[in-house]
Amino acid sequence: IGGTLVADAEARRLPEFSVGRPPAAAAVGPSVVVEEPLTVIDGIGRPRASALARLGIRTVTDLATADPAAVASLHGVSDDMARDLIVQARTAVRERGRRVLFAPGQQR
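Every value quoted in this text rests on a predicted model; they were computed, and no experiment measured them.

### A short note on the nonpolar core
No. 1: Counting 22 residues, the largest nonpolar core has Leu-38, Ile-41, Ile-44, Leu-52, Val-60, Leu-63 and Val-71 as the members making the most contacts within it.
No. 2: Breaking this core down by element, the ones donating at least two residues are α1 (46–54), α2 (60–64), α3 (68–72) and α4 (79–96).
No. 3: When residues in this core are grouped by element, the largest group, six residues, is from α4.
No. 4: With residues near it in sequence (within four places) discarded, Ile-41 still touches Val-60, Leu-63, Leu-85, Gln-88 and Ala-89.

As structure tokens, this is what we get:
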């Protein structure tokens, strides 16, 4: 591709770079949110809602997409109860959720 070939030239290392991770799918496009507290779910009172928040589950929508094993890790929550809470949250999202371009707390 042109240039002079130099047999005794010292090899040079090109600088390394990395490409950042693409944005999460949830951050792109519309989201569905339920504007009700977690306590609307049967079996979730204020103490359990606080425990879920410590796991990063702060909304009904968060619970609908939560890992059942993470929910079941809470004191007093069985695997079956975790699945039931998640099903209730998914039902709430389907029945009472509304589409928004940006979910609460996301950058616009």
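### A closer look at the pattern of salt bridges
No. 1: Counting across every chain of the model gives two salt bridges.
No. 2: The partner of Glu-36 in a salt bridge is Arg-96, with the nearest N and O atoms 2.9 Å apart. Linking Glu-36 in the loop between β1 (31–33) and α1 with Arg-96 in helix α4, this pair joins segments that are 60 residues apart in sequence.
No. 3: A relative accessible area of 29% places Glu-36 in the partly exposed class.
No. 4: Of the charged contacts, one joins Arg-83 and Asp-80 as a salt bridge, the two residues approaching to 2.3 Å between their closest N and O atoms. Within this pair, Arg-83 and its partner Asp-80 are both found in helix α4, separated by three residues, close to a single helical turn.
No. 5: For Asp-80, a relative accessible area of 55% gives the class exposed.

Cut-offs applied
- Residues numbered from 1 in each chain as written.
- Predicted model: local features only at pLDDT ≥ 70, side-chain atom pairs only at ≥ 80, totals over all residues.
- Heavy atoms only, no water.
- Core = buried A, V, L, I, M, F, W, Y, C linked by side-chain atoms within 4.5 Å.
- Buried < 20%, exposed > 50% of the residue type's maximum accessible area, 1.4 Å probe, protein only.
- Helix = DSSP H or I, 4+ residues; strand = E, 2+ residues; numbered from the N terminus.
- Contact = heavy atoms within 4.5 Å.
- Salt bridge = Lys/Arg side-chain N within 4 Å of Asp/Glu carboxyl O.

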